Amino acid sequence: MRVLSGIQPTGNLHLGNYLGAIRNWVRMQDDMSGDSRCFFFLADLHSISVHEGREQRLANVRDMTAALIACGIDPDRSVLFNQARVPAHAELCWLLNGTARIGWLNRMTQFKDKAGKNRESASVGLYVYPVLQAADVLLYQATHVPVGEDQKQHLELTRDVALKFNTDFGVDLFTLPEPYIPKESARIMSLRDGSAKMSKSDPSDMSRINLSDDDDMLAQKIRKAKTDPEPLPGEAAGLEGRPEAQNLIGIYATLADMTPDAVCAQFGGQGFGAFKPAMADLVVAKIGPIRDRYVALRDDHAALDAILEKGAAKAAEAAAPTLRGAYDAMGLMR
Ligand code: TYM
């Protein structure tokens, strides 16, 4: 079993990232035994699809590194690195551009969402983005990729690329990865709109819970979260057609390690006036300690850089045989 996943170092780590992905990264890391290793990285090469100044980009990588460690990623047990320090990612991406088909990329919903109506002026990087993601996963022979629901399509493309490459060149080089998507928290929605996912790019900061928010801000965001006037149902099935209520119950359930049914059994018949203060207490209790660790780590630039350097050296070593195998299979190097 080899676990691998990545996150773009843009903006704050939010509750969607945490519950959809990072919490599972930490659990999988903690369950690893023997020589098995997890690989977690900052997808800074992916982040070039959106323009950012030099200093901001440097700061983003360090901030996200501190945030991941604060969440429980242990750089001594897992390999924690940023893509740009491991050139094999960009190299394998280029090789896989010969295998990936334009028709496959045209079907990617994330590209359509992010490019919007102005497709012609989107960067080429945004379009080719899923091929780089395939390279990220295939370089390390990853078997399990813990992600939120929105990355499922990219992982299906990764499997298609792996299968076509292996078939076209008659090799058994790439392992086909499985996405690992949590049941309850695969799609955490915006606090302002139950039909939009919680996202770093939402212009309203009130739409998301950042792992850097102070306690007052956390409580305020829960208090102001959009709801409906109905009382909570006694069973989760009664949340159907109530996206905001469903989202809040889902967040509560995931943070408390309960089922949505158990949360409904506890709060059924009560209004949001009773539920929200309990939810605010829970969010503060779970997120507060992560934020405090993050604040303590984020300014030690030298320590963060050293962690990334060390992680990159280990990652480069692990990636080298597969990259070499790809050049060899294609007849580009013997
Ligand atoms: P990114 O940076 O957008 O998000 C990081 C992780 O957080 C999950 N996520 C969510 N989960 C539930 N609800 C939400 N509202 C929510 N928002 C984000 C994402 O599914 C993701 O798991 N392309 C990737 C980064 C990447 C990658 C990879 C991931 C690059 N290479 C290889 C896995 C394997 C991305 O932009 O994630």
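Conventions used here
- Residues numbered from 1 in each chain as written.
- Predicted model: local features only at pLDDT ≥ 70, side-chain atom pairs only at ≥ 80, totals over all residues.
- Heavy atoms only, no water.
- Helix = DSSP H or I, 4+ residues; strand = E, 2+ residues; numbered from the N terminus.
- Rg over C-alpha atoms; globule rule 2.2 N^0.38 Å.
- Buried < 20%, exposed > 50% of the residue type's maximum accessible area, 1.4 Å probe, protein only.
- Contact = heavy atoms within 4.5 Å.
- Areas by Shrake-Rupley, 256 points an atom, 1.4 Å probe, with all protein chains shown as cover.
- Lys, Arg positive; Asp, Glu negative; His and termini not counted.
- Charge placed at Lys NZ, Arg CZ, Asp CG, Glu CD.
- Near = heavy atom within 4 Å.
- Polar contact = N/O pair within 3.5 Å; in protein donor to acceptor, adjacent residues only side chain to side chain.
- Nonpolar A, V, L, I, M, F, W, Y, C, P; charged D, E, K, R; others polar.
- Axes fitted to C-alpha atoms, helices over the stretch in contact; angles between N-to-C directions.
- Parallel < 35°, antiparallel > 145°, perpendicular 65-115°, else oblique.
- Left-handed = near helix turned anticlockwise from the far one by under 90°.
- Salt bridge = Lys/Arg side-chain N within 4 Å of Asp/Glu carboxyl O.
- Pairing = 2+ DSSP bridges.
- Right-handed = clockwise from strand over helix to strand, strands pointing away.
- Domains from an automatic or database assignment.
- Buried area = accessible area lost by both parts, 1.4 Å probe.

Here we look at the overall build of the chain
The secondary structure content of the chain amounts to twelve helices and five strands. Radius of gyration (C-alpha) of the chain: 21 Å, near the 20 Å computed for a compact globule of 334 residues. The dimensions of the chain, computed from C-alpha atoms along their principal axes, are 70 × 45 × 45 Å. With 334 residues in all, the chain has 48% of them scored as buried. Considering only contacts within the chain whose residues lie at least 6 apart along the sequence, 75% involve residues at least 24 apart. A total of about 15300 Å² of accessible surface is found on the chain, and carbon and sulfur atoms cover 51% of it. Here the chain contributes 38 positive and 43 negative side-chain charges, whose respective centroids are spaced 3 Å apart.

A few points about the site of the ligand
Taken together, 28 residues lie near the ligand, and Q8, Y129, D136, D150 and I188 sit nearest. Y129 places a polar side-chain atom, nitrogen or oxygen, 2.6 Å from an oxygen atom of the ligand. Q133 places a polar side-chain atom, nitrogen or oxygen, 2.8 Å from a nitrogen atom of the ligand. Relative to its free-state accessible area of 720 Å², the ligand is covered by the protein chains to the extent of 97%. Of all elements in the fold, only β1 (3-7), α1 (15-31) and α6 (124-139) reach the threshold of two or more residues within the shell around the ligand. Along the lines of polarity and charge, the residues of the shell around the ligand split into eleven nonpolar, twelve polar and five charged.

Notes on the environment of L95
Along the chain, L95 falls in helix α3 (residues 88-96). Residues L95 and A326, 231 residues apart in the sequence, show an inter-C-alpha distance of 7.7 Å. For L95, the residues in contact, after removing those within four places along its chain, are L323, A326, Y327, M330 and L332.

Overview of the packing of α1 against helix α9 (residues 243-256)
How two helices pack is summed up by the angle between their axes together with the distance between the axes. Running from N to C, α1 and α9 point in directions that differ by 45°, and their axes come no closer than 12 Å. Comparing the axis directions of α1 and α9 gives the class oblique. Here α1 and α9 pass one another in a crossing that is left-handed. Contacts from L15, L19 and R23 in α1 reach I251, T254 and L255 in α9. Class assignment for the residues of the contact of α1 with α9 results in four nonpolar, one polar and one charged.

Brief notes about the pattern of salt bridges
A full pass over the atoms with the stated rule returns 18 salt bridges. The partner of E184 in a salt bridge is K183, and the shortest N-O contact between them spans 3.7 Å. By relative accessible area, K183 is classed as exposed at 76%.

With respect to the side chain of H154
Mapped onto the elements of the fold, H154 is located in helix α7 (residues 152-168). Judged by relative accessible area, H154 falls into the buried class, the value being 2%. Within the local environment of H154, its side chain forms a polar contact with the side chain of Q151, the two groups lying 3.0 Å apart. With residues near it in sequence (within four places) discarded, H154 still touches M108, Q110, Y129, P130 and Q133.

A word on the pairing of strand β3 (residues 79-82)
Side-chain positions along a regular strand alternate between the two faces of the sheet. Judged by which residues are buried, β3 turns out to be covered on both faces: V79 and F81 on one side and L80 and N82 on the other are all buried. Bridge count for strand β2 (residues 38-42) against β3 is four bridges, and the pairing is parallel. Paired with F40 across the two strands is L80, which belongs to β3. Running through helix α2 (residues 54-71), the crossover from β2 to the neighbouring parallel element β3 is right-handed.

Notes on the domain arrangement of the chain
If you check the domain split of the chain, you get domain 1 (2-186 + 300-329) and domain 2 (205-296). Centre-to-centre, using C-alpha coordinates, domain 1 lies 30 Å away from domain 2. Contacts between the two partners involve 15 residues from domain 1 and, on the opposite side, 14 residues from domain 2. With both chains or domains summed, domain 1 and domain 2 bury close to 1400 Å², and 63% of this area falls on carbon and sulfur atoms. The largest share of the area that domain 1 buries against domain 2 comes from L15, A70 and E184, three residues that together contribute 38% of it. At the boundary of domain 1 and domain 2, one finds two salt bridges. Two residues, D257 and R23, come together in a salt bridge whose shortest N-O distance is 3.8 Å. Joining domain 1 to domain 2, the criterion identifies six residue pairs in polar contact (both at pLDDT 80 or more). Contributions of two or more residues to the side of domain 1 that touches domain 2 are made by α1 and α2. Taken together, the residues of the side of domain 1 that touches domain 2 break down into eight nonpolar, three polar and four charged.

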